[in-house]
Every structure is written in structure tokens, then in C-alpha cells.
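Topology and contacts: notes
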Amino acid sequence: MTRIEAVRFRPILDSRGNKTVEAEVSTESGGFGRAAAPSGASTGEYEAIELPVDEAIAAARERIAPRLEGREFAGDQRSVDSALRAADGTEDFSEVGANSAVAVSMAVAKAAADVLGAPLYQHLGGAFRGRNFPVPLGNVVGGGEHAADATAIQEFLAAPVGAPSVRQAVFANAAVHERVGDLLEERGEAAAKGDEGAWAPSIDDATAFEIVDEATSDVAEEFGFEIRIGLDLAAAERYDGDEYVFGDEHRSTAEQVDYVADLVDEYDLAYVEDPLDEDDFEAFAELTERVGDRTLVCGDDLFVTNTERLQRGIDEGAANSILVKPNQIGTLSEAFDAIELASRNGYDAVVSHRSGETEDATIAHLAVATDAPFIKTGAVGGERTAKLNELIRIADEA
Ligand SMILES: C=C(OP(=O)(O)O)C(=O)O
Ligand SMILES: [Mg+2]
């Protein structure tokens, strides 16, 4: 296995036009990997810390590069990720920035795959991976922290659970997105797009449900397989410490549980992410008890890809699914650990993009490498299709 020779950093643009960290890793044998950190807008309180980009890069040059260059082997991802932890020395990567750490962690994995001459998913997951593909959850209408003056619920997702292939699932989500656009136009609702490429019309959540329900039914009929609806309520952003405030609606915690449980039944939801506040394991557990047999109750801000928080959730029955965002925790090894802990305990992992993204397609490989049952990475837009098209390519070649 080959030693890391050099680690370089530069600021590049993300999809919101903000600066983000790109890392490049080269190995003594000529292997090369490049990766970039994504960035959230509706970030969880317990996520690893994203530092201002120039600060993160300066810290990484000073603290990360010397610990890896000439010392670590590219193929030994766990040792590399431990070195990143040691270079930082905090629990939350607040010294070097989770943005620097995750960019390096992913770039090292790509360099190691390059050395092997194997696709990244195979380096990460082994020779027997590449047969199963995640169901892509496609954001078709949204607001919340991702768009101003749009729906209160952050993401309305198409969930093509009946698709016979990942390619058909990806195309179906794009078709739902297009159909939603047509329906909005028919209603005279001019709509811009939010950060993830979803339509961001100035309509209330009830109207969005009508439109997404119609669009998913139309496209399901056209494609000939089942397409359900999922949601990311991003409820921590809507909880004021006393009530949930979604548009004009104010709800107590008990009312929020009732509201989401009713939505699950009314719209046959396949998936509800962050339906409740990130500190309220108990209310999560109550909702999961009520609807967990027929829908995925997924923790994003609740778990922040952190195995300690996930273990607490498992112990308390708080959910049955976890969102996995490598930059929430800072290393690929720890994202892997979260997925493994989840699957050992019957939790479905949903590997996820962030609202601020780049062309980096690592998460597509991560999902295939871990046999994750779902991936959430938008429906349209170049930084989203980078991952979706990568899935199609992997499926083609695998
Ligand atoms: C992808 C999401 O958004 P962000 O990256 O803004 O946290 C999410 O909340 O699931
Ligand atoms: Mg979320």
C-alpha cells in the first residue's frame, strides 16, 4: 500500500456561490484523489464544526498535512481518519474544521482507489459490493432554510420505492420535478428554485401536498411503478422552545406528533425526516411507536451522523432510520460506523448531500459501498446530478 506524498488545499465555489474546501491527495506511487466539502444551511446543533474556509485551510495546512505526508498509507482509511482526529484534538473538529477534515478523508479514499485501479465504492465496500443500489429521494418542492418565502416544510421528496433500477428511479424523480413545475404553472404559481434545485413556490404546505401528490401519481402511472412521498420537516428550525411554528400553524409537541402521524396516513408517506426537535428523543419515540411500522422516521439533526447519538436513539426507540452526512461528523470512517451501527439495529441509512454542494460524487460511492437502502441527493441541478449520474454509471459498470 502506498504512502501519502502530498496533501494540498484550495478554496473553490459551492453551489450557493460560497467558498468551500477542496483537498487533493497524491501518493508516492502516483495515485491521486480530489474531494470537496459540502455545506449545510439547516445545520444541526450537534454537528461537527465548519470553520470559515480560509481559516480551515490554514489550519489544515499547518496541522493535517504534516501528519499525513510521508507518514500515513492511503489505503488505511481508519488510520488516516484517526490522524485527522489527532491533528484536530477536539470532539467537534473545531480546530481544523470538519470541512477540511472531510475533504481530506474523502480525497484520501479516492487516491487509494486510484492506486488500486478500482472504483471508489469497491475500495470502500469490497469486491462484493455494487449489486444493490439505493432508492434516491428527490427533492421536488421545498422551502424552510433552503428558500425564502416558500413552503414551511423544508423538503417534499419523491420516493420511487417501486423502481426496478436506480436509473429508472433517477429519471422518475426528474419527471416528478418537471410535472410539479407544470402543475405550478397551471395554477399561476411562478416558482424559483431553492438551494437544492427543488421548486420553491410561495404556497402553503397543504397546497404543496396536493401538487406533489398529483405529480407523483401521474409519474407513477406513466413509469409503471410505485412512487411515494417523503418529507424533511427540519423541525428543529421551526421549534421555538415551546411550539412548532410552520407558517401560520402553531403546534404543541403532542399536536406536532398527531399532525405528522396524520400526514403519514393521509399521504401514505414513505419517509419523514426530522419531524420533531433535535433534542426531543422522547417525542421522536412516540411518533415512531405510532407510525414506524409503515414509514421511515429518520433522524438528521437528531443524530448528526454521530454513533453516540444514534446509540441513544436505538436504546430509546427514537426512530428507524438515520441520515448520513459525512461532513456532520468529519470523517468517512465515522460515517461508515454510523451506517454499520444503524444497519445492525434495523435502521435504514439514508446517505445524504447538503444544501450547499459541489460536483463531488463521493456520497454515491459511499451509498453503494455500504449497501445503504436510500440516498438523498436532489432531483435536478448539476451538483445533484453529479451524484445521480454517478449512480447510473456505477450500475452500468458493476
Ligand atoms: C440536506 C439538508 O439540508 P442542509 O444541508 O441545509 O442541512 C437536510 O436538512 O437534510
Ligand atoms: Mg434534514
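Conventions and cut-offs
- Residues numbered from 1 in each chain as written.
- Chains lettered and ligands numbered in written order.
- Predicted model: local features only at pLDDT ≥ 70, side-chain atom pairs only at ≥ 80, totals over all residues.
- Heavy atoms only, no water.
- Near = heavy atom within 4 Å.
- Polar contact = N/O pair within 3.5 Å; in protein donor to acceptor, adjacent residues only side chain to side chain.
- Areas by Shrake-Rupley, 256 points an atom, 1.4 Å probe, with all protein chains shown as cover.
- Nonpolar A, V, L, I, M, F, W, Y, C, P; charged D, E, K, R; others polar.
- Helix = DSSP H or I, 4+ residues; strand = E, 2+ residues; numbered from the N terminus.
- Expected span 1.5 Å × (residues − 1).
- Buried < 20%, exposed > 50% of the residue type's maximum accessible area, 1.4 Å probe, protein only.
- Salt bridge = Lys/Arg side-chain N within 4 Å of Asp/Glu carboxyl O.
- Contact = heavy atoms within 4.5 Å.
- UniProt positions renumbered as here; feature names shortened; annotations may be inferred.

**Brief notes about the site of ligand 1**
- The local shell around ligand 1 holds 16 residues, among which A41, H146, R354, S355 and K376 are the closest.
- Between an oxygen atom of ligand 1 and a main-chain N or O atom of A41, the distance comes to 2.6 Å.
- Between ligand 1 and the protein, one listed contact pairs an oxygen atom with a side-chain N or O atom of K325 at 3.2 Å.
- Coverage of ligand 1 by the protein chains reaches 100% of its 290 Å² of free accessible surface.
- Grouping the constituent residues of the shell around ligand 1 by class yields two nonpolar, six polar and eight charged.

**Observations regarding helix 12 (residues 332–344)**
- Its 13 residues give helix 12 an end-to-end C-alpha distance of 18 Å, which sits within 8% of 18 Å, the value for a rise of 1.5 Å per residue.
- Along helix 12, the positions that sit buried rather than exposed are L332, S333, A335, F336, A338, I339, L341 and A342.
- At the exit of helix 12 stands G346, carrying a positive phi of roughly 75°.

**Let's talk about the pattern of salt bridges**
- Under the defined criterion, the tally for this structure stands at 28 salt bridges.
- When the shortest N-O distance is used, the salt bridge between K110 and D360 registers 3.2 Å. Of the two residues, K110 is situated in helix 4 (residues 98–116) and D360 in the loop between strand 14 (348–352) and helix 13 (362–369); the sequence distance between them amounts to 250 residues.
- Classification of D360 as buried rests on a relative accessible area of 11%.
- With a shortest N-O distance of 2.8 Å, D300 and K325 are connected by a salt bridge. Taken together, the residues span a long stretch of sequence, with D300 in the loop between strand 12 (296–299) and helix 10 (307–316) and K325 in the loop between strand 13 (321–324) and helix 11 (326–329) at a distance of 25 residues. The same class applies to D300 and to K325, which are both buried.

**A look at helix 8 (residues 253–267)**
- With 15 residues, helix 8 ought to run about 21 Å at 1.5 Å a step, and its terminal C-alpha atoms sit 21 Å apart, in line with that.
- Within the span of helix 8, buried status applies to Q256, V257, Y259, V260, A261, L263, V264 and Y267.
- A positive backbone phi angle near 50° is found at D268, which sits one or two residues after helix 8.

**Description of the side chain of T2**
- Within the secondary structure, T2 is located in the segment before strand 1 (4–13).
- Of the polar contacts made by the side chain of T2, one reaches the side chain of S29; its length is 3.1 Å.
- Residues within four places of T2 in sequence aside, it is in contact with T27, E28, S29, E72, F73, A74 and V115.

**Observations regarding the UniProt feature "domain: Enolase C-terminal TIM barrel" (unreviewed entry) in the protein**
- Taken from the UniProt record, the annotation "domain: Enolase C-terminal TIM barrel" (unreviewed entry) applies to residues 130–398.
- Helix makes up 43% of residues 130–398 and strand 17%, and the two end C-alpha atoms of the span are 6 Å apart.

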